[in-house]
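# Breakdown of the fold
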Amino acid sequence: MPESPRVGAFAIVPSNDLPAAIPFWERLGFARIGGDAGYVIMSGWGCEVHLTQAGDGPWRVPEHNPFGIFIRTPEVEAIAARVDDLIIRPGGVLRHREWGMYEVGINGPDGLLVRVGWPSELMRQSG
């Protein structure tokens, strides 16, 4: 029997090269669970991300990419370890932020900002 859908909001992330973006998400710990050639549904860490082939527009130049995604999970350190070479340095290194999140900033496909974090207070309670 298929799993019941979860209630939630999930990001739809445009990609200049959709087939090339999939390995990035797999490296983060996501797996493809559906979609087709122009739209891919990925799931991991209790989250879902939908990837779509981008159309035309000025954001197609990576440095103009206005998109970002935040993955909220207590597995921040495990994800950061999987993609250490993609962490944005110096500003994105894994640390407790002044806004109360323990997070890391990762450079994704097409200059997509991927932030992964969990409330600092909850990290301190479990550690």
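Predicted model, so just to flag it, every value in this text is computed and none were measured. (Residues numbered from 1 in each chain as written. Predicted model: local features only at pLDDT ≥ 70, side-chain atom pairs only at ≥ 80, totals over all residues. Heavy atoms only, no water.)

### Quick word on the nonpolar core
Ranked by size, the top nonpolar core spans 26 residues in total, and within it Trp-25, Leu-28, Phe-30, Leu-51, Ile-106, Val-114 and Val-116 carry the most contacts. Contributions of two or more residues to this core are made by helix 1 (18-28), strand 3 (39-44), strand 4 (47-53), strand 5 (68-72), helix 2 (76-82), strand 7 (101-107) and strand 8 (113-119). Per-element tally for this core: the top contributor is helix 1, with five residues. When near neighbours in sequence (up to four residues on either side) are disregarded, Leu-28 contacts Trp-45, Ile-79, Arg-82, Val-83, Ile-106 and Val-114. (Core = buried A, V, L, I, M, F, W, Y, C linked by side-chain atoms within 4.5 Å. Buried < 20%, exposed > 50% of the residue type's maximum accessible area, 1.4 Å probe, protein only. Helix = DSSP H or I, 4+ residues; strand = E, 2+ residues; numbered from the N terminus. Contact = heavy atoms within 4.5 Å.)

### Quick word on helix 1
By the burial criterion, the buried members of helix 1 are Leu-18, Ala-21, Ile-22, Phe-24, Trp-25 and Leu-28. On an axial view of helix 1, the arc spanned by its buried residues comes to 165°, and they lie on one face. Where helix 1 terminates, the next one or two residues include Gly-29, which has phi positive at roughly 110°. (Arc of directions from axis to C-beta.)

### As for the side chain of Ser-120
Considering the arrangement of structural elements, one finds Ser-120 in helix 3 (residues 120-126). Residues within four places of Ser-120 in sequence aside, it is in contact with His-96, Arg-97, Gly-100, Met-101 and Tyr-102.

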